[in-house]
Amino acid sequence: MALNIKPLSDRVLVEPVAAETKTASGLFIPDTAKEKPQKGIVVAVGNGTKDHDMTVKEGDTVLYGKYAGTELKFEGKDYLIMKEEEIFAVI
């Protein structure tokens, strides 16, 4: 299903990857102790600005700051929309 959201300028639409529910040693993490995910998949990319070409593309897995972007819910799914400069790395 195609997504009908097209970010403007140098903005990127990211779908956060679900947070881990179990530690490496096998302990389950309760909902109250889970941290916000800092990794996601780029769903849509804006065209950039006249001074800045976009370096990320759709399908990239990216790392971003804990408080980066603006949360939005569209058709029952959670997304973040953020400026490309808020993305730290492409994995």
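Up top is the structure.
Okay, so let's go over this structure. In this text, all values refer to a predicted model and were calculated from it rather than measured experimentally.

## Details of the overall build of the protein chain
Then, in step 1: When its secondary structure is counted, the protein chain shows 0 helices and 6 strands.
Then, in step 2: C-alpha atoms of the protein chain, sized along the principal axes, occupy 50 × 30 × 20 Å.
Then, in step 3: In the protein chain, which comprises 91 residues, the proportion classed as buried is 25%.
Then, in step 4: Of the accessible surface of the protein chain, which amounts to about 6400 Å², a share of 53% is contributed by carbon and sulfur atoms.
Then, in step 5: Where the 12 positive side-chain charges of the protein chain centre and where its 15 negative ones centre are 3 Å apart.

## So, the environment of Lys-50
Then, in step 1: For Lys-50, the position within the fold is in the loop between β2 (39-45) and β3 (61-64).
Then, in step 2: In this structure, the C-alpha to C-alpha distance between Lys-50 and Asp-10, residues 40 residues apart in sequence, is 9.9 Å.

## Observations concerning the nonpolar core
Then, in step 1: Counting 12 residues, the largest nonpolar core is built from Val-12, Val-14, Val-42, Val-45, Met-54, Val-56, Val-62, Tyr-64, Ala-68, Leu-80, Met-82 and Ile-87.
Then, in step 2: Taken together, the elements giving at least two residues each to this core come down to β1 (11-16), β2, β3 and β5 (77-83).
Then, in step 3: The residues contacting Val-14, other than those within four sequence positions of it, are Gly-40, Ile-41, Val-42, Val-43, Val-62, Tyr-64, Tyr-79, Leu-80 and Met-82.

## A short note on the side chain of Asp-10
Then, in step 1: Tracing the backbone through its elements, the reader meets Asp-10 in the segment before β1.
Then, in step 2: A relative accessible area of 11% places Asp-10 in the buried class.
Then, in step 3: With near-sequence residues (within four places) excluded, Asp-10 lies in contact with Gly-48, Thr-49, His-52, Met-54, Met-82, Lys-83 and Glu-84.

## Section: the pattern of salt bridges
Then, in step 1: Using the criterion set out here, one finds 4 salt bridges in the structure.
Then, in step 2: A salt bridge links Asp-10 to Arg-11, with the nearest nitrogen and oxygen atoms 4.0 Å apart.
Then, in step 3: In this structure Arg-11 comes out as partly exposed when scored by relative accessible area, which is 33%.
Then, in step 4: One salt bridge connects Lys-57 with Asp-60, and the closest N-O pair in it is separated by 3.6 Å.
Then, in step 5: When its relative accessible area of 11% is taken as the criterion, Asp-60 is described as buried.

## Here we look at unusual backbone geometry
Then, in step 1: With phi around 55 degrees, Ser-9 is a residue other than glycine that occupies positive phi space.
Then, in step 2: Ser-9 gets classed as partly exposed once you look at its relative accessible area, which sits at 31%.
Then, in step 3: In this structure, Glu-75 takes a positive phi of about 50 degrees despite not being glycine.
Then, in step 4: With respect to the helices and strands, the residue Glu-75 is situated in the loop between β4 (70-74) and β5.

What counts, and where the lines are drawn
Residues numbered from 1 in each chain as written. Predicted model: local features only at pLDDT ≥ 70, side-chain atom pairs only at ≥ 80, totals over all residues. Heavy atoms only, no water. Helix = DSSP H or I, 4+ residues; strand = E, 2+ residues; numbered from the N terminus. Buried < 20%, exposed > 50% of the residue type's maximum accessible area, 1.4 Å probe, protein only. Areas by Shrake-Rupley, 256 points an atom, 1.4 Å probe, with all protein chains shown as cover. Lys, Arg positive; Asp, Glu negative; His and termini not counted. Charge placed at Lys NZ, Arg CZ, Asp CG, Glu CD. Core = buried A, V, L, I, M, F, W, Y, C linked by side-chain atoms within 4.5 Å. Contact = heavy atoms within 4.5 Å. Salt bridge = Lys/Arg side-chain N within 4 Å of Asp/Glu carboxyl O.

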